[in-house]
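Observations on the model geometry
Chain residues, written in single-letter form:
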Amino acid sequence: MPFGDLLDQTGGMGRFQFIQVIMLAIPVLMMSSHQLLQNFTAAIPDHHCKVKANDTRWTNMTETLWSLESLRAFIPLDGKQRLEKCLRFTTAHWGFANPNAMDDNATRANLEPCMDGWVYDRSEFASTIITEWDLVCDFRRMGQMAQSIYMFGMLVGAVVYGALSDRCGRRIIIIICYFQIAVAGSCAAFSPNYISYCIFRFLAGMGTSGIGLNAVCLTMEWIPSHLRTTVSSIHGYFYSIGQISLGGMAYAIRDWRWLQLGVSLPYFIFFLYSWWFAESARWQIVAGKPEVALRTLKRVAKINGKGEEGEKITLEILKYNMQREMASVKSSYTAVDLVRTPAMCRITFLIAFLWFSTSFSYYALAMDLQNFGVSIYLIQVIFGLVDIPAKCICLLAMNYLGRKGTQAGSLILAGIAILTNIFVPSELQVLRTSLAVLGKGCLASSFLCASLYTGELYPTVIRQTGMGLGGTMTRVGSIVAPLVQITSEYFNFLPPIIYGSTVFISGISMCFLPETRNIPLPETIQDVQSKTNVSDEEQREDVPLRSTNV
């Protein structure tokens, strides 16, 4: 009796599956908040140098008057006729109507860095890590570095918790990750300095990655095969809703410490109710724990109202099923098999580039909200909203146009949108925002398509290894994306050129992958190699779409 039949006998998609799917999806709402949190907690408000405290003519003025004309006696103007952020005059120039009109040599000789700190415009953000620890001017890269450290934590979490999940089980790892995010996220809110903040954010990133991997795995392994494609998209929609809710939370909570705490405390609740979860019976069987798997299946059957049917499942049936499961797995396959043949090498290279470029450009847009010239809270909500119809369109396109066309089209269109924005004047805020929203929606579609496409390209014997490669390259892309933003200090147009061209080239390269719509899944590496010599039309068979366990 295949495990799928055992699952049907215990209720199929019953009450238990529905409850567990929803309970696993709810934390994804806050998971997206953690990943995009630094849009608000590390926002950079307008700022300028504090004037010298010993200047008697400034004694009676307050920080609220920093934009008055009198500031020009202390702070020079930049090329856009705005107050310089990192320089001030060594002595006040009260005698000049426009100190910046002085001789250039004289002006440069009378400038110095901000020796006494900075004054920040707190009208939009009451407090951020930037204002807390003065991460501006010579320390301006620290904000992007903190985000990269968080993403690096996600990469480490994918490696560590991915391996532990196969050894210890999905349920216990996800419980640990809930608790880790709750503690590390809350501690980050009380960080006394930048270094401790980065450490706690790194640990929270590890937990976030562990949740992402195991929530999907625990969901899929309890869902009937014909519903996996549909149910797997639920987490994606919850992630998008989480982006929308983050905009509302950040608008209501303007202090970074309280906002950090607000997205972390719910994980204590998730930790408490996660003890109700049932471990994957599939994993228990493969791990050689048939007795435990039998108890788990009977518990699920009772929750689904199939207690009598569940009692009919015996240990002998499970042991027989375990032998079949183990016989279908060849333990000698390793990551080397991803590049063992020319066909596998091509697929692996292109899939790695696909996941890297999608993540690289996605987070470049999602983490750069301040540069669109509109309300950062509004653009966060819009970015979350656009993902929902984009993913719906992607699902339709994958079913009717195919995977290759959908994947290539979404990437190429995203690249065009990002590159076009380079030539749009900053005054045309609506057009710039519209192009950014279009690019973000296309990249969200690319993520959704890549999840299914990758699983269908790799053969069964190394499918999970291939998916692991995609996850790793996703983390690498998200780590590099904030660092590339630093190049804007040299040329403003350089980051969008890098982001847009990368994803555009990736879209073109997808044309070299085979189509997988309505094609039986490959079981072995030899299946993949043999199909490379057959055209897409010749290899397509008139069979129903098969869902994959991705």
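Owing to the predicted nature of the structure, the values given are computational and were not obtained by experimental measurement.

Brief notes about the overall build of the chain
Of the regular secondary structure elements, the chain holds 23 helices and four strands. Looking at the chain residue by residue over its 550 residues, the buried ones come to 52%. Restricting to contacts in the chain with at least 6 residues of sequence separation, those with at least 24 account for 79%. As displayed, the chain offers around 24100 Å² of accessible surface, 64% of which is attributable to carbon and sulfur atoms.

Observations regarding the state of the cysteines
All chains considered together, the criterion is met by two disulfides. Through a disulfide, C49 is tied to C114; the S-S separation comes to 1.7 Å. Here the disulfide of C49 and C114 is left-handed, its torsion about the S-S bond being about -60°. With a gap of 65 residues between them, C49 in strand β1 (residues 47-49) and C114 in the loop between β3 (111-113) and β4 (118-120) connect regions that are remote in the sequence.

Details of the packing of helix α7 (residues 170-189) against helix α11 (residues 266-273)
Where α7 contacts α11, the two axes come as close as 8 Å, and the packing angle between them is 160°. Taken together, the axes of α7 and α11 lie roughly antiparallel to each other. For the crossing formed where α7 meets α11, the hand is left-handed. For the pair α7 and α11, the contacting residues are I175, Y178, F179, I181, A182, V183 and S186 in the first and Y267, F268, F270 and F271 in the second.

Focus: the pattern of salt bridges
Throughout the structure, instances matching the rule amount to three salt bridges. R257 is paired through a salt bridge with E132; the nearest N and O atoms lie 2.8 Å apart. On the criterion of sequence distance, the pair formed by R257 in helix α10 (residues 256-264) and E132 in helix α5 (residues 129-133) is long-range, its members being 125 residues apart. E132 sits in the partly exposed class, given a relative accessible area of 35%.

As for empty space enclosed by the protein
Leftover empty space is mapped by rolling, across the atoms, a probe with the size of a water molecule. Applying the stated criterion across every chain yields a total of two cavities of 30 Å³ or more. By volume, the second largest cavity amounts to about 40 Å³. Listing elements by their share of the lining of the second largest cavity, those giving two or more residues are α3 (38-41) and α10. When grouped by side-chain class, the residues that make up the lining of the second largest cavity number seven nonpolar, two polar and two charged.

A few points about the confidence of the model for the chain
Across the chain, the average pLDDT comes to 80, with 83% of residues at or above 70. The least confident element of the chain is helix α23 (residues 536-539), whose mean pLDDT is 45; the most confident is α11, at 94. In this model, residues 56-67 is a region of pLDDT below 50 whose contacts with residues beyond four sequence positions or in other chains number 15 contacts. In this model, residues 535-550 is a region of pLDDT below 50 whose contacts with residues beyond four sequence positions or in other chains number 46 contacts.

Digging into helix α13 (residues 290-303)
Relative to the 20 Å expected for 14 residues at 1.5 Å per residue, α13 spans 20 Å between its end C-alpha atoms, a close match to the ideal helical length. Three or more residues of α13 are buried, namely P290, A293, L294, T296, L297, V300, A301 and I303. Following α13 by one or two positions, G305 adopts a phi angle in the positive range, close to 75°.

Quick notes on the side chain of T454
By the element assignment, T454 lies in helix α19 (residues 429-457). Given a relative accessible area of 0%, T454 falls into the buried group. Among the polar contacts made by the side chain of T454, one reaches the main-chain carbonyl oxygen of A450 at a distance of 2.7 Å. Aside from chain neighbours lying at most four places away, what touches T454 is I351, W355, G466 and M467.

Focus on the side chain of S264
Looking at the element boundaries, S264 is found in helix α10. Engagement of the side chain of S264 in a polar contact is seen with the backbone oxygen of G185, the distance being 3.5 Å. Setting aside residues up to four positions removed in sequence, S264 forms contacts with H34, I181, A182, G185 and S186.

Here we look at the nonpolar core
Ranked by size, the top nonpolar core spans 103 residues in total, and within it Y178, I211, W222 and Y267 carry the most contacts. The leading source of residues in this core is helix α16 (residues 342-366), at 15 residues. Formed by 24 residues, the second largest nonpolar core is a distinct cluster that contains C49, A73, A188 and Y194.

A few points about a nonpolar patch on the surface
Residues F179, V183, L265 and F268 make up a contiguous nonpolar surface patch of about 300 Å² in total accessible area. Checked against the element boundaries, F179 lands in helix α7.

Observations concerning the environment of L457
On the secondary structure map, L457 appears in helix α19. By relative accessible area, L457 is classed as buried at 4%. Separated by 57 residues in sequence, L457 and P514 place their C-alpha atoms 7.9 Å apart. Apart from the residues lying within four places of it in its own chain, the contact partners of L457 are I347, I351, L513, P514, T516, P522 and V528.

A closer look at unusual backbone geometry
With the exception of glycine, the majority of residues adopt a negative phi angle, and the majority of peptide bonds are in the trans configuration. Positive phi, normally seen in glycine, also occurs at D134, with a value near 50°. Here D134 is to be found in the loop between α5 and α6 (141-168). For D134, a relative accessible area of 26% gives the class partly exposed. For C137, which is not glycine, the phi dihedral falls at a positive 55°. By the element assignment, C137 lies in the loop between α5 and α6. You can call C137 buried: its relative accessible area is 7%.

Quick look at the packing of helix α18 (residues 403-420) against helix α21 (residues 494-509)
Where α18 meets α21, the closest approach of the two axes is 7 Å, and the angle between their N-to-C directions is 160°. Taken together, α18 and α21 sit at an angle that is classed as roughly antiparallel. The two elements α18 and α21 cross, and the hand of that crossing is left-handed. Here A408, L411, I412, A414, G415, I416, I418 and L419 of α18 lie close against α21, whose contacting residues are P496, I497, Y499, G500, S501, V503, F504, S506, G507 and I508.

A look at the packing of aromatic side chains
Geometrically, a pair of aromatic rings is defined through the distance of the ring centres and the angle of the planes. Applying the stated criterion to the full structure yields 22 aromatic pairs. Ring centres 6.5 Å apart and planes at 80° place the aromatic pair W133 and Y194 in the edge-to-face group. Separated by 61 residues along the polypeptide, W133 in helix α5 and Y194 in helix α8 (residues 194-220) bring together distant segments of the chain. For Y194, a relative accessible area of 15% gives the class buried.

Conventions adopted
Each chain has its residues counted from 1, following the order in which its sequence is written. Local features in this predicted model are restricted to residues whose pLDDT is 70 or higher, and side-chain atom pairs enter the listing and the counts only when it is 80 or higher, whereas totals over whole chains, interfaces and linings include all residues. Note that water and hydrogens are dropped before the side-chain values are worked out from all heavy atoms of the structure. Working definition: helices are DSSP H or I runs of at least four residues, strands are E runs of at least two. Numbering for both runs from the N terminus. The rule is simple: take the accessible area with a 1.4 Å probe, protein chains only, and divide by the maximum for that residue type; under 20% is buried, over 50% is exposed, in between is partly exposed. Any two residues whose heavy atoms approach within 4.5 Å at even a single point are treated as in contact. Here the open area of atoms and residues is found with the Shrake-Rupley method and a 1.4 Å probe, where only the protein chains shown may cover a residue. We call a pair of cysteine sulfur atoms a disulfide when they lie within 2.5 Å. Only C-alpha atoms enter the line fits that serve as axes; for helices the fit covers just the stretch in contact. Angles between N-to-C directions range over 0 to 180 degrees. Here the word oblique covers every angle except those under 35 degrees (roughly parallel), over 145 (roughly antiparallel) and from 65 to 115 (roughly perpendicular). Here a crossing is taken to be left-handed if its near helix is turned anticlockwise relative to the far helix by less than a right angle, and right-handed if that turn runs clockwise. Whenever Lys or Arg places a side-chain nitrogen within 4 Å of a carboxyl oxygen from Asp or Glu, that contact is recorded as a salt bridge. Cavities and pockets are defined on a 1 Å grid built over the protein atoms alone: a cavity is a set of grid points where a 1.4 Å probe fits but cannot escape, while a pocket is an open set with protein on both sides within 12 Å along at least five of seven lines, and lining residues are those with an atom within 4 Å of any such point. Grid points are joined across faces, edges and corners, and a volume is the space filled by probe spheres set on the points. Put simply, Ala, Val, Leu, Ile, Met, Phe, Trp, Tyr, Cys and Pro go in the nonpolar bin, Asp, Glu, Lys and Arg in the charged bin, and everything else, Gly too, in the polar bin. You can read pLDDT as the predictor saying how much it trusts each residue, on a scale of 0 to 100. Helix span is expected to be 1.5 Å times the residue number reduced by one. A 3.5 Å cut-off defines polar contacts: any pair of N or O atoms within that distance qualifies, except that in protein one atom must be a possible hydrogen donor and the other a possible acceptor, and neighbouring residues in sequence count only when both atoms are side-chain atoms. For the purposes of this section, nonpolar cores are sets of buried Ala, Val, Leu, Ile, Met, Phe, Trp, Tyr and Cys residues that join through side-chain atoms within 4.5 Å. Note that patches include only residues with greater than 30% relative accessible area and no salt bridge, and the join distances are 9 Å for like charges and 5 Å for nonpolar side chains (Val, Leu, Ile, Met, Phe, Trp, Tyr). Only centres within 6.5 Å qualify two rings of Phe, Tyr or Trp (six-membered ring in Trp) as a pair; their planes then separate them into stacked at under 30 degrees, edge-to-face at over 60, and tilted for everything else.

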